[in-house]
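Working through the structure, step by step
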Amino acid sequence: MAGQVATFPEKYGRVPHLVVILVGEDPASQSYVKGKGKACEVVGIKNTTILRPATITEEELLGLIAELNADDSVDGILVQLPLPKHISEDKVIAAISKEKDVDGFHPLNVAALWQKQPCTVACTPKGIIKLLKEAGVEISGKRAVVIGRSNIVGLPVAKLLLDENATVTICHSRTKDLAAVCREAEILVVAIGRAKFVTEDMVAPGAVVIDVGVNRDAETGKLVGDVDYAAVEPKASVITPVPGGVGPMTICCLMENTIECFLKRNA
Ligand code: L34
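In this report, we go over the structure that sits alongside the text. Keep in mind that what you see is a predicted model, and the values were worked out from it rather than measured.

Parameters at a glance
Residues numbered from 1 in each chain as written. Predicted model: local features only at pLDDT ≥ 70, side-chain atom pairs only at ≥ 80, totals over all residues. Heavy atoms only, no water. Helix = DSSP H or I, 4+ residues; strand = E, 2+ residues; numbered from the N terminus. Rg over C-alpha atoms; globule rule 2.2 N^0.38 Å. Buried < 20%, exposed > 50% of the residue type's maximum accessible area, 1.4 Å probe, protein only. Contact = heavy atoms within 4.5 Å. Core = buried A, V, L, I, M, F, W, Y, C linked by side-chain atoms within 4.5 Å. Near = heavy atom within 4 Å. Polar contact = N/O pair within 3.5 Å; in protein donor to acceptor, adjacent residues only side chain to side chain. Nonpolar A, V, L, I, M, F, W, Y, C, P; charged D, E, K, R; others polar. Axes fitted to C-alpha atoms, helices over the stretch in contact; angles between N-to-C directions. Parallel < 35°, antiparallel > 145°, perpendicular 65-115°, else oblique. Left-handed = near helix turned anticlockwise from the far one by under 90°. Arc of directions from axis to C-beta. Pairing = 2+ DSSP bridges. Phe/Tyr/Trp six-rings, centres within 6.5 Å; stacked < 30°, edge-to-face > 60°.

Right, let's get into the overall build of the chain. If you tally the helices and strands in the chain, you get 11 helices and 10 strands. Against the globule reference of 18 Å for 267 residues, the chain gives a C-alpha radius of gyration of 19 Å, in line with a compact fold. Projected onto the principal axes, the alpha-carbon positions of the chain cover approximately 55 × 40 × 30 Å. Counting the 267 residues in the chain, one finds 48% classified as buried. At a minimum sequence separation of 6, the contacts of the chain that also span at least 24 residues come to 68%.

This paragraph deals with the nonpolar core. Counting 26 residues, the largest nonpolar core has I128, L132, L161, I187, V189, I210 and V212 as its most contacted members. For this core, the elements supplying multiple residues, two or more each, are α6 (107-114), α7 (123-134), β4 (143-147), α8 (154-163), β6 (187-190), β7 (208-211) and α11 (246-266). Ignoring any residue separated from it by four or fewer positions in sequence, one finds I187 in contact with L132, V137, E138, I139, K142, R143, A144, V145 and V208.

A few words now on the site of the ligand. Contacts to the ligand come from 17 residues, most closely from S31, K36, V79, D103 and G244. Within the side chain of S31, a nitrogen or oxygen atom sits 2.5 Å from an oxygen atom of the ligand. Taken together, the elements giving at least two residues each to the shell around the ligand come down to α3 (27-43), β3 (76-79) and α11. For the shell around the ligand, the class distribution of residues is 10 nonpolar, 4 polar and 3 charged.

This part covers the environment of A95. On the secondary structure map, A95 appears in helix α5 (residues 89-95). Here A95 falls in the partly exposed class, since its relative accessible area comes to 26%. The residues touching A95, leaving out its near neighbours within four places in the chain, are L62, I65 and N69.

Put simply, α3 and α11 touch, their axes get as near as 10 Å, and they point 55 degrees apart. It follows that α3 is oblique to α11 by the angle criterion. Pair α3 / α11 crosses with right-handed handedness. Facing Y32, G35, K36, A39, C40 and V43 of α3, the residues of α11 in contact are I251, L254, M255 and I259. Here the residues of the contact of α3 with α11 are counted per class, giving 8 nonpolar, 1 polar and 1 charged.

The periodicity of an α-helix, 3.6 residues per turn, causes residues three or four positions apart to be oriented the same way. Residues N109, A112 and L113 constitute the buried set of α6. Buried residues along α6 cover an arc of 100 degrees about the axis, so they all sit on one side. The secondary structure elements touched by the buried residues of α6 are α8. K116 occupies a position one or two residues after α6 and carries a positive phi of about 55 degrees.

Strand order in the open sheet made by the 5 strands is β5-β4-β6-β7-β10, with parallel pairing throughout. Two strands lie at the open edges of the sheet, namely β5 (167-171) and β10 (238-239), each paired on one side alone. Sheet topology note: the β4/β6 ladder contains 4 bridges and is parallel. Each bridged residue has a counterpart across the sheet, and for V145 the counterpart in β6 is L188.

In this structure the tally under the stated criterion is 3 aromatic pairs. For the pair F8 and Y12, a centre-to-centre distance of 5.4 Å together with 70 degrees between the ring planes defines the contact as edge-to-face. Separated by 4 residues within a single helix, F8 and Y12 lie in helix α2 (residues 8-12), roughly one turn from each other.

In structure tokens:
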């Protein structure tokens, strides 16, 4: 990617520019935003991180987004989630111009994904498919189970797996006999947000396990996934660790999406 971006100044007169907005001082969000800035540096993408206090009004935030939408030197806009409760995330996501929506969260990008139209695909789901392919996992014809039905991970990753010709079951924390459903999975994707939610008895021998969890251990403050890694790892054929699995791949896809937005706006 860095090699590709290095050719842009000569071809287009500039490099892609990603603006990340961070509202408030949540340490986890600060850490992820820092990771995005570092990745930009590595790839050669210009990054501006805009910090705003948690007291910013919705109107002020929407005003800032409108300015960035109108700014031709900006290719990608990302508002780090979650936002303070007095600000509507839906409104903020919809306010970002579809062409600059590097997250792929805008309703028009979501609709395009489900209609098999060209679109920006959300970074985490896109990263999961990339991880599976890089690990040499054949997706076509497999039984995939996705735990979690969020707009950000569960639903889009299920759609992408379906497009790769997997047979997909979407379930959730209230699914009846969840363990039995999960044991049927050849590919198990977990995006529920609870440490050690997936236990050894829920995983079939040889299954591929993708852990999307980003939880903080209550005692140590360390980042842990949704899967009881120590117990499940011996059973799985492939398992993504936390940290070091889906998170870094998400950021990699963010770089890719930023380049795609830049090229679409410049070509
Ligand atoms: N708008 N908000 C927006 N877009 C996103 O794509 C995100 N997300 C989620 C939270 N809010 C967002 C992220 O960026 C989660 N997320 C994310 C991205 C990267 C990492 C974790 C979560 C990551 O790099 N994790 C590292 C460890 C980082 C650490 O120790 O703090 C890992 O190895 O998993």
